[in-house]
Amino acid sequence: MPHTKRRRLVTTAVAVSLAATALAACGSEDGSKAESGPVSLTYWTWTPGMDKVVDLWNKGPGKKDQITVTVKKQASGDTLVTKILTAHKAKKAPDLVQAEYQALPTLVSNDALADISGEVGDVQGKFAEGVWQQTTLGTDAVYAVPQDIGPMMFYYREDLFKRYGLKVPTTWEQFAETARQLKKKAPDKDLTTFSANDSGLFAGLAQQAGAKWWTTSGDTWKVGIDDAATQKVARFWGGLVEEGVIDNQPMYTPSWNKALNTGKQIAWVSAVWAPGTLNTAAPDTKGKWAMAPLPQWSLDQDVTGSWGGSSTAVTTDSAHKEAAAKFAAWLNTDHDALNALAKEGGIYPASTSAQLSGAFSNPPAYFSNQADFYTRAADIAKTTAPSAWGPNVNVAYTSFKDAFGAAAKNKSDFAAALKTMQDDTVADMKKQGFEVSQ
C-alpha cells in the first residue's frame, strides 16, 4: 500500500489530527462551489421505503433548491461496501451512500468519502457526542451524517422475573447471579444465551466496557481487540457458558425463537430495535416483556454500547458535494423526514430531538405495557460510548464468528478465541500493507 494512502487512513482515526485540514481537501473541487441550476443526485441505500422518504425532499426543499435525488436500492453490509469501492475505482460511485458506522474507516481509507464538515452546518448539536464521533473518526473532518443508531439495552420477561423472584440486574455481577438463581429455581430455563452469529453484539458489549479495538500512533495502527476491557467481557460470558447457567446456542434460529416464545429463555441483551425482532420471534409473549438499561460494570457507571446503526455519506466522486451534503443533513435532521424514516424504514433515529416525537411519542405495540419505553430509550442513547473502528472490521467479525462460535459450542476458553480474533485481524492488516503494532 502506498505510504500516502496508509497515512491518510491513520490520520483519520486519531483523536486530534493536524492532517484534518489536508483531509478536508479530499472532496470534489466542484462540490466546494455554490450550486447553480438543476442538480440530480443518486443515493445508494438499503433502508426500506427510502424512496417514499426521498419523495418528501423532491417535492419540498429539493424542488425549491432544484436538487433531485434518485434512490437506488442496494444490499447492505460488506456487499454494499465492496460495490461502493468497485464503483469508486472506476470513478463512478454515486453521490450519496448509506454506510454502517464500522464501514466508514474502510471507505475513508480508500478515498471514497468526502469531508463535508464545511457543508453540513451546525448539525453536530443534534446528535449525542458518542454517536457523532463515529462519523468524524475522531478528527475535525465529517465523513457522514448519522442516520440511525442501536443503543444497547436489557430486555426481560417481566412476568417470569416476578414469578421466580428475580430482580432486574443493574450490574454485570448481578446479571451473573440472576442467571444462577434462575437455574436453581427453574433448571429447564436460561436467563439468556451467548450467541456468536452476530459479531455486533459482542462488539457493543466490548464498547460499553471501554474497549478500543483500533487506535493509532503516528503512522502506525495498534489493534487492541484483546485489550483488557474486551478480555473482561470474554471471560465474563465464557465463564457463564462454562458454568452452564446460560445457553450457548446462536440467535435468530427456530430453536432460539421457540425459547423466547415459550419462556425457556427469559431475557435478551439487545438494542433499541429489539421489539421488531421479538414481535417475529416471540409473538405469543407480546406485552410480557420490559426494557431496562444495560447492566454496568460498576455502580458508578452509566454507559451503553451500540449494536448497529448507519449514516449518510457523500462520495468523493460526486460533482455536487454541497447539494449532496444539504440533502444528507435534511434527511437525518428534518422532523418530517425522520418521521417518514421511522414509519417506512423502521429506524430509530440518531437525531436526539426525533427520539421523543412523532413515531416515538408512544411505545412500540409489542411493549404497550411500558409507556415510557422511548423516554427510557432516549436517555440510554445519550450514554452511548465512543467507538474505535478500523479498516478491516469485516475480517475481525468473521474471525469472531468462527473462533467464538467454536468456543461457545464446546464451552472452551473464550480468551483463546479472543486471541485468535486479534491475530487474524493483525495478520490481515499487515497483509494489506498497514504498519501495525500490538
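Described below are features of the structure shown in this document. Everything numeric in this text was worked out from a predicted model, so none of it was measured. (Residues numbered from 1 in each chain as written. Predicted model: local features only at pLDDT ≥ 70, side-chain atom pairs only at ≥ 80, totals over all residues. Heavy atoms only, no water.)

**Comments concerning the overall build of the protein chain**
If you tally the helices and strands in the protein chain, you get 18 helices and 10 strands. For a compact globule of 438 residues, the expected C-alpha radius of gyration is about 22 Å, and the protein chain comes in at 22 Å, within 12% of that figure. Within the protein chain, the proportion of its 438 residues that are buried is 57%. Accessible surface, the protein chain: about 17800 Å² in total, of which carbon and sulfur atoms supply 49%. If you average the places of the 44 positive and of the 45 negative side-chain charges in the protein chain, the two averages end up 5 Å apart. (Helix = DSSP H or I, 4+ residues; strand = E, 2+ residues; numbered from the N terminus. Rg over C-alpha atoms; globule rule 2.2 N^0.38 Å. Buried < 20%, exposed > 50% of the residue type's maximum accessible area, 1.4 Å probe, protein only. Areas by Shrake-Rupley, 256 points an atom, 1.4 Å probe, with all protein chains shown as cover. Lys, Arg positive; Asp, Glu negative; His and termini not counted. Charge placed at Lys NZ, Arg CZ, Asp CG, Glu CD.)

**Topic: the environment of Lys-382**
The residue Lys-382 is located in the loop between helix H16 (373–381) and helix H17 (393–410) in this model. Expressed as a C-alpha distance, the spacing of Lys-382 and Gly-130, which sit 252 residues apart in the sequence, is 7.9 Å.

**Regarding the packing of aromatic side chains**
Inspection of the entire model under this criterion finds 40 aromatic pairs. Pairing Phe-154 with Phe-175 gives two aromatic rings, centres 6.0 Å apart and planes at 75°, and the pair type is edge-to-face. Here Phe-154 is found in strand E4 (residues 145–157), whereas its partner Phe-175 is found in helix H9 (residues 172–185), with 21 residues between them in sequence. Exposure class is identical for Phe-154 and Phe-175. Each is buried. (Phe/Tyr/Trp six-rings, centres within 6.5 Å; stacked < 30°, edge-to-face > 60°.)

**Describing the pairing of strand E5 (residues 214–217)**
Only one face of E5 is covered, namely the face carrying Trp-214 and Thr-216; the face carrying Thr-215 and Ser-217 is uncovered. Bridge analysis of E5 against strand E6 (residues 220–223) gives 4 bridges, and the strand direction is antiparallel. Pairing of Thr-215 across the sheet is with Lys-222, part of E6. Hairpin geometry of E5 and E6 is characterised by an intervening segment of 2 residues between the two adjacent antiparallel strands and by a positive phi of about 65° at Gly-218. (Pairing = 2+ DSSP bridges.)

**Focus: the environment of Thr-220**
Relative to the helices and strands, Thr-220 is located in strand E6. Counting along the chain gives 216 residues from Thr-220 to Val-436, while the straight-line C-alpha distance between them is 5.5 Å.

**Observations concerning the packing of helix H12 (residues 254–262) against helix H13 (residues 274–281)**
A packed helix pair is summarised by two numbers, namely the angle formed by the two axes and the spacing between the axes. Two elements in contact, H12 and H13, have axes separated by 9 Å at closest approach and are oriented at 90°. It follows from the interaxial angle that H12 and H13 lie roughly perpendicular. In this structure, H12 contributes Trp-256, Asn-257, Leu-260 and Asn-261 to the contact, and H13 contributes Thr-277, Leu-278 and Ala-281. (Axes fitted to C-alpha atoms, helices over the stretch in contact; angles between N-to-C directions. Parallel < 35°, antiparallel > 145°, perpendicular 65-115°, else oblique. Contact = heavy atoms within 4.5 Å.)

**Some remarks on the pairing of strand E9 (residues 306–314)**
In terms of burial, E9 is largely enclosed, as 8 of its 9 residues are buried. Here strand E3 (residues 96–100) pairs with E9 via 5 bridges, running antiparallel. Bridging across to E9, Ala-99 finds its partner in Ser-311.

**What about the sheet that holds E5?**
Spatially, the 3 strands line up as an open sheet ordered E5-E6-E10, and their pairing is mixed. Of all the strands in the sheet, the pair left with one neighbour each is E5 and strand E10 (436–437).

**As for the nonpolar core**
In this structure, Phe-194, Trp-213, Trp-214, Trp-237, Val-269 and Phe-404 are the most contacted members of the largest nonpolar core, which totals 144 residues. The contact partners of Trp-213, leaving out residues within four places of it in the chain, are Phe-202, Ala-203, Ala-206, Lys-222, Val-223, Gly-224, Ile-225, Thr-230, Ala-388, Tyr-397 and Met-421. (Core = buried A, V, L, I, M, F, W, Y, C linked by side-chain atoms within 4.5 Å.)

**Comments concerning H16**
Listed in full, the buried residues belonging to H16 are Phe-373, Tyr-374, Ala-377, Ala-378, Ile-380 and Ala-381. The arc enclosing the buried residues of H16, seen along the axis, measures out at 160°, which places them on a common side. Against the buried residues of H16 lie E4, H13 and strand E8 (289–293). (Arc of directions from axis to C-beta.)

**As for the pattern of salt bridges**
Taken as a whole and judged by the stated rule, the model has 10 salt bridges. The closest approach of N and O atoms between Glu-243 and Arg-180, which form a salt bridge, is 2.7 Å. Of this pair, Glu-243 sits in helix H11 (residues 228–243) while Arg-180 is found in helix H9, placing the two residues 63 residues apart along the sequence. On the accessibility criterion, Arg-180 (27% relative accessible area) is partly exposed. Within the structure, one salt-bridge network assembled from shared partners comprises Glu-177, Arg-180 and Glu-243. (Salt bridge = Lys/Arg side-chain N within 4 Å of Asp/Glu carboxyl O.)

**Topic: helix H14 (residues 321–333)**
Taking 1.5 Å of rise per residue, the 13 residues of H14 would be expected to cover 18 Å, and the 18 Å separating its terminal C-alpha atoms lies within 8% of that figure. Extensive coverage of H14 is indicated by the burial of 11 of its 13 residues. Three or more residues of H14 are buried, namely Lys-321, Ala-323, Ala-324, Ala-325, Phe-327, Ala-328, Ala-329, Trp-330, Leu-331, Asn-332 and Thr-333. (Expected span 1.5 Å × (residues − 1).)

**As for the side chain of Gln-370**
By the secondary structure assignment, Gln-370 is in the loop between helix H15 (335–345) and H16. If we ignore the near neighbours within four places in the chain, the residues touching Gln-370 are Ala-290, Met-291, Pro-363 and Arg-376.

What is shown is where atoms sit, not what they do.
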